[in-house]
Amino acid sequence: MATAVRPPTAPPSAAAGDISEVELSEAGSPDLGSRSSGGGSGGSDRSAAEYSGWVYHLGVNSIGHEYCHLRFLVIRGKSVAMYKRDPHDHPGLEPIRKGAVSHTLMVEELGRRRVNHGDVYVLRLYNRLNQTKKGEIACATPGEARKWIEAFEQAKQQADNDLMRGVSWNRLQNENEINLDGHRPRVRRYAQGLGKLVRIGKGPEMLLRQSSDLRDQERVNTNFGGDTGDAFEAHEWRYVRTFNGIRIFEDITNPKGGKGILLKSVGVVGANPDTVFEVVLSLDKHKRYEWDMLTADLELVETIDGYCDVVYGTYEPKYLNWWKSKKDFVFSRQWFRGQDGAYTILQTPAGHKKRPPKHGYERTKINPSTWEIRSLNTSGSSSPKCVVTLMLEISPSFWGRWKRKHSSNFDKSIPFALLSQVAGLREYFAANPALTYELPSTVVKSKASETLIIQSEHEDSEPGDEFYDALVRGESFEDEDSNDDDDDDATSPKTGKVKLKNVSWAIAGLTLKTTKASIETSELVTNSSPVAVDPSHFHGTLHRAKSENDQNSWSAPGGEKFMIRGKTYLTDYTKVVGGDPLLKLLAVDWFKVNERFDSVALHPKSLVQSEAAKKIPFILVINLQVPAKPNYNLVMYYAAERPVNKDSLLGRFIDGTDAYRDARFKLIPSIVEGYWMVKRAVGTKACLLGKAVTCNYLRQDNFLEIDVDIGSSSVARSIIGLVLGYVTSIVVDLAILIEAKEEKELPEYILGTVRLNRVNPDSAVSI
């Protein structure tokens with residue numbers, strides 16, 4: 001029997017007052033073990049950064065009671081420690097949990113979760129080799145969650161570096177991974193090598209406010225911008241009018257896959273994306289009254305998962321058309337955060353048995369709409385800003401009448417009220433500057449940090465005790481200045497100057513793209529005789545398209561629809577048009593299975609096991625595992641006509657560690673044709689698959705297989721569920737590449753592409 005959750009007694013600096021009536025037991029934290037491969041600095045002389053802040057430790061104890069403990073988390077190098085108090089304020093305080101991050105650590109965002117009367121953002125930590133070893137922490141805001149993910153990722157990179165440096169396996173086995181349950185190994189103080197202190201979050205007060213009813217007692221008196229993506233979109237937007245200082249655009253392209261006209265309103269809001277996202281999702285009507293004239297009275301009907309819910313709302317039409325009756329509506333909301341920190345929220349009309357039509361109200365449908373919220377980096381300004389876009393679908397006849405007559409009816413319509421929400425948000429934040437305040441992640445030299453007790457060197461460590469059993473084995477943090485982030489930041493790493501990102505798009509078409517011949521020279525062994533690879537000799541279960549209109553088929557488009565990192569990307573962030581793929585697409589298989597299907601290349605009937613395939617120097621197998629009922633496998637086979645150069649970027653990827661592959665394997669999606677909301681959900685931004693989902697690698701003989709477990713991420717499951725609902729009516733292009741992180745690896749090149757034309761799930765072959 002589970003009990004209600006309440007945080008433990010907070011430090012004196014935390015907010016006062018009871019959070020819940022039920023007391024929690026401290027015993028029985030869940031076992032989060034994993035094989036250790038890191039701990040300490042591995043003898044490195046490099047200064048380590050320290051990341052610290054308040055989180056919740058969530059779990060279920062041995063008698064089935066849920067607990068939610070307020071804890072102070074510290075990550076230094078690969079080492080991780082958890083305290084009941086801030087150790088910077090209490091020198092000599094010993095951690096209650098500690099350990100080190102291993103190279104097998106995975107961090108998954110589970111989205112929002114209701115804790116008592118508030119919402120927190122949950123991270124799941126687990127070992128990708130043994131997912132029974134797992135645990136959860138929760139943060140006050142999605143921004144804090146993102147920073148903790150980055151912190152753990154750095155620790156994981158250091159663990160992998162230790163393996164590459166040849167740190168003995170016996171030593172790695174003797175390092176304790178952070179243990180969320182069990183005894184407290186003896187630790188030693190560290191006082192050397194601390195380079196920087198990075199504080200995450202605003203302190204325990206924020207967490208207590210997020211997970212309690214304290215928020216309900218609070219009241220506040222109250223260009224397109226950003227990176228446009230890594231694939232060209234089919235939309236062509238024309239400015240048509242300005243309402244309340246917000247620009248309104250119409251998509252003037254011939255719509256395919258949609259029945260209406262697309263409109264969008266675009267505005268710059270003086271707040272960071274995390275804050276705007278929370279305000280848009282908030283159901284607090286007192287706050288929504290200040291910026292939302294239509295959907296302010298909302299109540300939660302059902303939470304589907306951490307990224308989807310259903311809400312019910314009512315509104316008084318007198319604010320639009322006073323002679324109409326009262327209205328009510330039900331709609332679902334799905335939200336995602338991209339690896340670039342941008343948010344997408346999908347809102348679609350829905351029905352729900354818990355909310356039948358209400359007496360005295362007329363049930364209506366809210367227009368399908370999307371929110372897109374992305375950071376706007378401006379030179380010389382310290383105040384946060386973001387570009388907020390609200391896009392919706394409207395009846396062509398209604399929009400056509402308004403454009404012809406320019407009557408005032410549109411100003412009193414539901415679409416107008418939705419588009420005006422962007423203006424409402426802008427003024428809401430302008431009138432409440434306290435909402436835009438964000439305590440920055442401070443980076444300072446700290447003497448107090450030298451007295452912290454954390455597991456950087458272990459005494460009498462016991463093999464098999466891991467940080468998943470405590471929290472996660474301490475992650476590694478390299479010097480912050482040398483941190484190689486996946487995000488395309490706006491600040492030049494060398495000059496500190498800000499580049500206008502849209503400029504790179506404007507000049508991209510003028511930039512000479514790298515030829516396939518020059519790529520082959522660096523990536524393949526060119527002095528060997530090529531093997532003739534004829535795709536017509538290879539056949540998969542999905543047939544190759546004979547024409548553009550051939551449905552349920554595949555083809556291999558060129559790379560000119562994709563944008564990739566150019567030669568000068570590290571200094572000016574310029575991206576260029578992609579060239580012809582290096583590898584040739586041989587065939588595509590479309591399977592359906594009851595359980596997850598790994599190692600497709602080893603199946604006796606696999607294309608890779610054919611005599612013709614065994615003569616090919618190298619084959620890359622991409623196995624996209626799609627969670628559904630039944631499960632599907634989309635398998636693509638790419639071939640190189642010459643052997644791969646072992647010292648090239650591709651060679652290092654093929655024979656590298658799993659951590660190296662996870663940090664480099666990149667995919668760019670693009671919905672060429674299809675329903676516009678599916679396009680917005682999928683986006684066109686490049687995604688490092690190894691960071692987003694679990695990827696398993698099989699390297700044998702002349703092939704490398706990458707099994708991409710889409711079901712390992714709740715975000716990916718949600719998006720793929722939406723795509724499957726429209727899969728028979730969409731055309732999707734995918735580009736596969738290896739991310740270039742060093743100057744000698746630039747410019748990037750496209751490994752392979754595929755176009756999937758209206759694939760039918762019923763055509764999948766059982767195997």
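Worth saying up front: this structure is predicted, and the values here are computed from it rather than measured.

Digging into the side chain of Ser712
Mapped onto the elements, Ser712 comes out in the loop between β31 (703–709) and α18 (714–724). In this structure the side chain of Ser712 is engaged in a polar contact, spanning 2.8 Å, whose partner is the backbone nitrogen of Thr694. A polar side-chain atom of Ser712 sits 2.6 Å from the main-chain carbonyl oxygen of Asp709. In contact with Ser712, other than residues within four places in its own chain, are Glu108, Tyr126, Val693, Thr694 and Arg717.

Things to note about empty space enclosed by the protein
One number sums up the size of the second largest cavity: a volume of about 130 Å³. Mapped by element, the contributors of at least two residues to the lining of the second largest cavity are β5 (105–115), β6 (118–127), α1 (142–165) and β15 (327–337). In terms of residue class, the lining of the second largest cavity is made up of eleven nonpolar, two polar and three charged.

Things to note about the confidence of the model for the protein
When pLDDT is averaged across the protein, the result is 76; 72% of the residues are at 70 or more. Note on residues 1–46: pLDDT under 50 across the span, and 161 contacts to partners over four residues away in sequence or across chains. For residues 453–512, every residue scores under 50 in pLDDT, and the model assigns this stretch 253 contacts once sequence neighbours within four places are set aside.

Some points on the pattern of salt bridges
The tally for this structure, following the rule as stated, stands at 31 salt bridges. Between Arg699 and Asp655 there is a salt bridge; the shortest N-O distance is 3.0 Å. Taken as a pair, Arg699 in strand β30 (residues 694–700) and Asp655 in the loop between α14 (649–654) and α15 (658–664) lie far apart in primary sequence, 44 residues in all. Looking at Arg699, the relative accessible area reads 29%, which means it is partly exposed. Residues joined by salt bridges that share partners form a network here, namely Arg565, Lys666, Glu739, Lys741 and Glu748.

Topic: the sheet that holds strand β32 (residues 731–738)
Backbone-to-backbone hydrogen bonds pair the strands of a sheet. The strands run either parallel or antiparallel. Spatially, β22-β33-β32-β28-β29 is the arrangement adopted by the five strands of the open sheet, whose pairing is antiparallel. The open sheet has two free edges, formed respectively by β22 (553–555) and β29 (687–688), since each of these has just one partner strand. Here two bridges tie strand β28 (residues 665–673) to β29, and the two strands are oriented antiparallel to one another. Bridge assignment links Leu667 to a residue of β29, and that residue is Cys687.

So, the pairing of β32
With eight of eight residues buried, β32 lies mostly within the body of the structure. Burial along β32 is two-sided: the face carrying Val731, Asp733, Ala735 and Leu737 and the face carrying Val732, Leu734, Ile736 and Ile738 are both buried. Alignment of β28 against β32, held across eight bridges, turns out to be antiparallel. If you follow Pro669 over to β32, its bridge partner there is Leu734.

Regarding the packing of helix α4 (residues 273–281) against helix α8 (residues 421–431)
Where α4 meets α8, the axes come as close as 12 Å, and the angle between the chain directions of the two elements is 115°. For the pair α4 and α8, the sense of crossing is right-handed. Here Thr275, Val276, Val279 and Val280 of α4 lie close against α8, whose contacting residues are Leu425, Tyr428 and Phe429. Grouping the constituent residues of the contact of α4 with α8 by class yields six nonpolar, one polar and no charged.

A look at unusual backbone geometry
Most of the time, phi is negative for any residue but glycine, and the peptide bond is trans. Omega for the peptide link from Lys629 to Pro630 comes to 0°, which places this bond in the cis form. Its place among the elements puts Pro630 in the loop between β26 (618–626) and β27 (631–640). Note that the residue after Leu746, namely Pro747, is joined by a cis bond; omega there is -5°. Assignment of secondary structure puts Pro747 in the loop between β32 and β33 (750–757). With phi around 50°, Asn552 is a residue other than glycine that occupies positive phi space. Position of Asn552 among the secondary structure elements: in the loop between α11 (516–523) and β22. Of note in the backbone geometry, Arg758 takes a positive phi value of approximately 50° without being a glycine.

Here we look at the nonpolar core
Within the largest apolar cluster, 134 residues are counted, with the highest numbers of intra-cluster contacts made by Trp148, Phe152, Val276, Leu425, Phe665 and Ile706. If you tally residues by element for this core, the top one is strand β19 (residues 386–394), at seven residues. Excluding its chain neighbours within four sequence positions, the residues that come into contact with Val276 are Val269, Ala271, Ile373, Cys386, Val388, Leu425 and Phe429. Listed in part, the 20 residues of the second largest apolar core include Val600, Val608, Ile616 and Leu698.

A look at the pairing of strand β10 (residues 237–243)
Inspection of the sheet shows β10 paired to strand β11 (residues 246–251) by six bridges, in the antiparallel sense. Each bridged residue has a counterpart across the sheet, and for Arg238 the counterpart in β11 is Glu250. Hairpin connection from β10 to β11: two residues lie between these consecutive antiparallel strands, with Asn244 at a positive phi of about 55°.

A short note on α18
By the criterion of burial, α18 is predominantly enclosed, with eight of the eleven residues buried. Capping the start of α18, Ser713 holds a side-chain oxygen 3.3 Å from the backbone nitrogen of Val715, two or three residues further along.

About the criteria used
Residues numbered from 1 in each chain as written. Predicted model: local features only at pLDDT ≥ 70, side-chain atom pairs only at ≥ 80, totals over all residues. Heavy atoms only, no water. Helix = DSSP H or I, 4+ residues; strand = E, 2+ residues; numbered from the N terminus. Polar contact = N/O pair within 3.5 Å; in protein donor to acceptor, adjacent residues only side chain to side chain. Contact = heavy atoms within 4.5 Å. 1 Å grid on protein atoms, 1.4 Å probe; cavity = no way out; pocket = protein on both sides within 12 Å on 5 of 7 lines; lining within 4 Å. Points joined across faces, edges and corners; volume = space filled by probe spheres on them. Nonpolar A, V, L, I, M, F, W, Y, C, P; charged D, E, K, R; others polar. pLDDT = per-residue confidence, 0-100. Salt bridge = Lys/Arg side-chain N within 4 Å of Asp/Glu carboxyl O. Buried < 20%, exposed > 50% of the residue type's maximum accessible area, 1.4 Å probe, protein only. Pairing = 2+ DSSP bridges. Axes fitted to C-alpha atoms, helices over the stretch in contact; angles between N-to-C directions. Left-handed = near helix turned anticlockwise from the far one by under 90°. Core = buried A, V, L, I, M, F, W, Y, C linked by side-chain atoms within 4.5 Å.

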